[in-house]
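A closer look at the structure
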Amino acid sequence: MRCGATHAPEAQVYVCPCHGQDGILDVEYDYSAIGAHHHRDGLGEALGMWRYRPLLPLCSDTPVAPLHVGGTPLLDADRLAAELALYRLQIKDEGVQPTGSLKDRASAMAVAKAREVGAKVVCTASTGNAAAALAGLCASDGMPCVIFVPEAAPPAKVAQMLAYGATVLLVEGSYDQAFDLCLQAADHFGWYNRNTAFNPYMAEGKKTVSLEICEQRGWKAPDVLMVSVGDGCILAGVHKGLRDLLALGWIDKMPRLIGVQATGSNYLAEAWRDGQDVRDKKPIRAKTVADSLSVGLPRDRLKAMRAIEQTAGAFVQVDDPAILQAIPTLARLTGVFAEPAGAAVVAGLKVAIGQGLVTADDDIVLINTGNGLKDIDSAQRSVALVGDRAHRVAANLPAVEALDLA
Ligand SMILES: *Cc1c(COP(=O)(O)O)cnc(C)c1O
């Protein structure tokens, strides 16, 4: 992504040797070869992310972990659409993935690639979900893993990793520090590294979400696709999936991509607004209730900016109260219970409408990236914020009558 050098897959490099950590790679395919052998109507019966295997960077005999990843529902959000005076709105619900977030798509890819190269241990740094996903996929596969998370990671996510049997290191510092420590440790101990963006195959796993969205819509791409952004790898993956489909002629237009960032973790949104070059923009201090978006230096910043620029898209910012309020809004109007980073996209949609970035007749898809049970503390704060609490009641009918509910 820096110098345009190309490397064969056999070289087994994570990043371009000329540019080190900044030399993020982008996987390229021979679309005419794929198109000659595969058709969008012949992807087979198997559901889940591996039905797109012709478009994924795996050898044909590489085994994948048994845990079922992908095949998540695309829901019509008619009441939320009506509330926002929109024509058509759908939600891709990644909260129902086996470990509760979209990260399962990347982690499933990581475990398969690790098997392919004969790795003994896989490691990753994570704000929480990537690690929970890796722990789950490794448990499914019987592969040991070592996790580096910031000590402030939500307890539910840490408990999940430990339940799966991962070795968990709570790093006394930020996600960015955990990321750098994981790079050093992987290098030192020879572990297979799943780190977001550093490992070029993670965006390839994540792209299966946009392949699915398009197939679920009968290969009709939406006008607008919105997703929340931390490192920018999901956004990059979503863009990559759409570029693949466009190159193959399986869809006929590129949607506008809108990335939603928290105001307290707005590296990319700020760069976008102010026209800053992300190749030399300094890290920021990140702090937001949406822990999954809390990133001081987005590792996939080049691809994330490219995704917005090449699709006539935009970044929007949402503050923490708006993110928290969006949790009950989304839950009540659609039945989808999201963690803060997932609900942020609903708050972002309101901002995008306000800024004229989307209009009433756009056909819009939102991605909910994570399950609400991932962060109960934030869920509790969100309902308190909108003034709702449970009624304490004595165990008899008159006590219920006295509440005057009807
Ligand atoms: C990781 C994550 C994001 C952000 O993805 P990036 O690739 O870091 O931009 C958003 N929401 C949830 C729930 C996540 O786990």
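Preceding this section is the structure that the text describes.
Just so it is clear, the model here is predicted, and its values are computed rather than measured.

Cut-offs applied
- Residues numbered from 1 in each chain as written.
- Predicted model: local features only at pLDDT ≥ 70, side-chain atom pairs only at ≥ 80, totals over all residues.
- Heavy atoms only, no water.
- Helix = DSSP H or I, 4+ residues; strand = E, 2+ residues; numbered from the N terminus.
- Rg over C-alpha atoms; globule rule 2.2 N^0.38 Å.
- Contact = heavy atoms within 4.5 Å.
- Areas by Shrake-Rupley, 256 points an atom, 1.4 Å probe, with all protein chains shown as cover.
- Pairing = 2+ DSSP bridges.
- Axes fitted to C-alpha atoms, helices over the stretch in contact; angles between N-to-C directions.
- Core = buried A, V, L, I, M, F, W, Y, C linked by side-chain atoms within 4.5 Å.
- Buried < 20%, exposed > 50% of the residue type's maximum accessible area, 1.4 Å probe, protein only.
- Salt bridge = Lys/Arg side-chain N within 4 Å of Asp/Glu carboxyl O.

**Examining the overall build of the protein**
Along the backbone of the protein there are 15 helices and 10 strands. For 406 residues, the compact-globule estimate of 2.2 N^0.38 gives 22 Å, and the protein sits close to it at 21 Å. Projected onto its principal axes, the C-alpha coordinates of the protein cover approximately 75 × 45 × 45 Å. When contacts within the protein are restricted to residue pairs at least 6 apart in sequence, long-range pairs at least 24 apart make up 71% of them. When the accessible surface of the protein is split by element, carbon and sulfur atoms take 52% of a total near 16,900 Å².

**Observations regarding the sheet that holds strand 8 (residues 256-262)**
Consider a sheet: its strands pair through backbone hydrogen bonds, and that pairing is either parallel or antiparallel. The mixed open sheet is built from six strands, whose spatial order is 1-2-10-7-8-9. Each edge of the sheet is formed by a strand with only one pairing partner; in this case those strands are strand 1 (74-76) and strand 9 (314-318). Looking at each pair of strands side by side, their axes are set apart by 25° on average, direction ignored. Bridge count for strand 7 (residues 224-228) against strand 10 (residues 363-368) is three bridges, and the pairing is parallel.

**Observations regarding the nonpolar core**
Nonpolar side chains in soluble globular proteins tend to be buried together. Core analysis: the biggest nonpolar cluster contains 75 residues, and Met-161 and Leu-235 have the highest contact counts within it. Apart from the residues lying within four places of it in its own chain, the contact partners of Met-161 are Gly-128, Ala-131, Ala-132, Ala-135, Ile-147, Val-149, Ala-166 and Val-168. The next biggest cluster of nonpolar side chains, apart from the first, holds 36 residues, and it includes Leu-89, Val-289, Ala-344 and Ala-347.

**Regarding the pairing of strand 5 (residues 167-171)**
Sheet topology note: the strand 4 (residues 145-150)/strand 5 ladder contains five bridges and is parallel. Across the sheet, residue Ile-147 finds its bridge partner in strand 5, namely Val-168.

**What to know about the pattern of salt bridges**
Tallied over the full model, the rule gives 28 salt bridges. Residue Asp-26 pairs with Arg-306 through a salt bridge whose shortest N-O separation is 2.9 Å. On the criterion of sequence distance, the pair formed by Asp-26 in the segment before helix 1 (31-37) and Arg-306 in helix 11 (residues 301-310) is long-range, its members being 280 residues apart.

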